[in-house]
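# Understanding the architecture of this molecule
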Amino acid sequence: METVAENQAFGGIQGVYRHASTSTNCDMTFGLFLPEEAAEGPVPLLWYLSGLTCTHENAMTKAGAQAWCAEQGIAIVFPDTSPRGEGVANDEAYDLGQGAGFYVNATQDPWKPHFQMWDYIAEELPALLGETFNLDMSRQSITGHSMGGHGALTLAMNLPGRFRSVSAFAPICNPTGSDWGRKQLSAYLGDDAADWAKHDASLLMAEKGFDGPVLVDTGTADQFLDLLKPETLAAAIATRRQEASLRLQKGYDHSYFFVSTFMEEHVSFHADALYKE
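Residues numbered from 1 in each chain as written. Predicted model: local features only at pLDDT ≥ 70, side-chain atom pairs only at ≥ 80, totals over all residues. Heavy atoms only, no water.

### Remarks on the environment of histidine 254
Let me state the cut-off plainly: A helix here means a DSSP run of H or I that spans at least four residues, while a strand means a run of E at least two residues long, and both kinds are numbered starting from the N terminus. The rule is simple: take the accessible area with a 1.4 Å probe, protein chains only, and divide by the maximum for that residue type; under 20% is buried, over 50% is exposed, in between is partly exposed.
Relative to the helices and strands, histidine 254 resides in the loop between strand S9 (244-249) and helix H9 (256-274). Owing to a relative accessible area of 9%, histidine 254 belongs among the buried residues under this scheme.

If you want it as structure tokens, here you go:
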């Protein structure tokens with residue numbers, strides 16, 4: 001694994017690392033903030049999954065998460081959103097291909113050789129992090145924004161016992177019923193909608209739910225609100241009587257100004273779960 005950069009921040013270290021991935025068959029880059037407590041012993045880990053067009057860098061530099069994670073003694077990892085590089089399939093549209101992995105394992109060409117983001121996030125990267133850094137992998141939580149909020153919710157519900165809490169900023173809640181989802185799921189997984197269900201947070205909530213607390217924030221001025229479909233997740237949560245807080249934040253849009261505004265509350269939410277005995 002290559003160390004791209006390491007900078008001191010809030011008493012800890014913000015690193016950027018690159019490694020050859022066996023899941024995506026290309027080099028992958030991720031950011032990892034380790035609080036100063038990691039120098040003394042293993043610390044809990046919060047995952048942050050980013051949205052469409054983003055790399056590992058967007059949230060790392062714009063979300064303001066490191067300050068709040070340092071305060072709580074929590075590490076936070078910022079994976080990339082897709083495989084990248086020469087020979088990796090791409091599309092002219094911003095919402096398919098590189099930068100738009102949707103956290104699924106593609107079964108269709110030309111995406112299948114590299115777009116195995118589910119395996120990368122669920123299996124390969126956690127193993128690498130646990131082997132390399134001073135992290136307590138028995139204490140993990142997950143959050144994300146937009147496409148990353150979709151990924152956070154679906155990973156949490158499909159991997160019972162892995163994460164103690166899950167939150168999301170403006171998540172894509174019902175991709176099987178939205179143009180932000182049907183296009184990508186059909187491209188990556190084929191035309192059988194039955195294969196899409198495990199990647200739809202609203203369907204998963206109705207079927208499985210999550211054994212822990214859930215927090216979701218969405219702005220009322222979000223320019224993509226009709227694509228996100230928060231009402232479908234709200235209905236599933238109500239039907240299941242899931243422990244959850246779903247908040248519509250007046251006047252906020254889809255930007256990182258929105259994410260950074262509520263990041264402290266999300267980190268504190270996860271800290272309560274990560275340190276609960």
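### Remarks on the environment of aspartate 119
For clarity, the cut-off: Note on definitions: a residue-residue contact is assigned when non-hydrogen atoms from the two residues lie within 4.5 Å.
Along the chain, the position of aspartate 119 falls in helix H3 (residues 117-132). Note on aspartate 119: relative accessible area 32%, which makes it partly exposed. Linking aspartate 119 and asparagine 105, residues 14 residues apart in sequence, is a C-alpha distance of 6.8 Å. Contact partners of aspartate 119, with chain neighbours within four places excluded, come to Ser23, Asn105 and Glu124.

### Section: the pattern of salt bridges
Keep this limit in mind: Any Lys or Arg side-chain nitrogen found within 4 Å of a carboxyl oxygen on Asp or Glu counts as a salt bridge.
Taken as a whole and assessed by the stated rule, the structure comprises 7 salt bridges. As a salt-bridge pair, arginine 247 and aspartate 217 come within 2.7 Å of each other at their nearest N and O atoms. In this pair, arginine 247 is assigned in strand S9 and aspartate 217 in strand S8 (residues 214-219), connecting sequence segments 30 residues apart. Judged by relative accessible area, which is 27%, arginine 247 ranks as partly exposed. Assessed through its relative accessible area of 0%, aspartate 217 is described here as buried. The shortest N-O distance in the salt bridge between arginine 247 and glutamate 265 comes to 2.9 Å. Placement of arginine 247 in strand S9 and of glutamate 265 in helix H9 is noted, with a sequence separation of 18 residues between them. Connected via shared salt-bridge partners are Asp217, Arg247 and Glu265.

### Examining the nonpolar core
Condition: The criterion is simple. A nonpolar core is a set of buried Ala, Val, Leu, Ile, Met, Phe, Trp, Tyr and Cys residues joined through side-chain atoms within 4.5 Å.
If you look at the biggest cluster of nonpolar residues, it comprises 87 residues, and the most contacted ones within it are Phe30, Leu32, Leu129 and Tyr188. Leaving out residues up to four positions away in the same chain, leucine 129 has contacts with Phe30, Leu32, Leu45, Trp47, Val77 and Leu135.

### With respect to the packing of aromatic side chains
What characterises a pair of aromatic rings is the spacing of the ring centres plus the angle enclosed by the ring planes. Inclusion rule: Any two rings among Phe, Tyr and Trp, with Trp reduced to its six-membered ring, count as a pair given centres within 6.5 Å; such a pair is stacked if its planes are under 30 degrees apart, edge-to-face if over 60, and tilted if neither. The criterion for a charge sitting over a ring is simple: Lys NZ or Arg CZ within 6 Å of the ring centre, and within 35 degrees of the ring normal.
Going through the model one piece at a time under the given rule, you end up with 11 aromatic pairs. The aromatic ring of tryptophan 118 is capped on one face by lysine 198, whose charged end is 4.8 Å from the ring centroid.

### Observations regarding the environment of aspartate 91
Defined as follows: We define a polar contact as two N or O atoms separated by no more than 3.5 Å, with the added condition that, inside protein, one atom must be a possible hydrogen donor and the other a possible acceptor, whereas residues neighbouring each other in sequence contribute only through side-chain atom pairs.
Counting through the fold element by element, aspartate 91 comes out in the loop between strand S5 (75-79) and H3. Within polar-contact distance, the side chain of aspartate 91 engages the backbone nitrogen of alanine 93 at 2.8 Å.

### Describing the packing of helix H2 (residues 65-72) against H9
For clarity, the threshold we go by: Here, axes are lines fitted to C-alpha atoms. For helices the fit covers the stretch in contact, and angles between N-to-C directions go from 0 to 180 degrees. We call two directions roughly parallel when the angle between them is under 35 degrees, roughly antiparallel when it is over 145, roughly perpendicular when it lies between 65 and 115, and oblique otherwise. The crossing is said to be left-handed when, going from far helix to near helix, the turn is anticlockwise and less than a right angle, and right-handed when the turn is clockwise.
It is the contact of H2 with H9, at a shortest axis distance of 9 Å, that shows an interaxial angle of 30 degrees. Comparing their axes, H9 and H2 come out roughly parallel. Seen from above, H2 lies across H9 with right-handed handedness. Of H9, the residues touching H2 (which contributes Ala65, Trp68, Cys69 and Gln72) are Met263, Glu264, Val267, Ser268 and Ala271.

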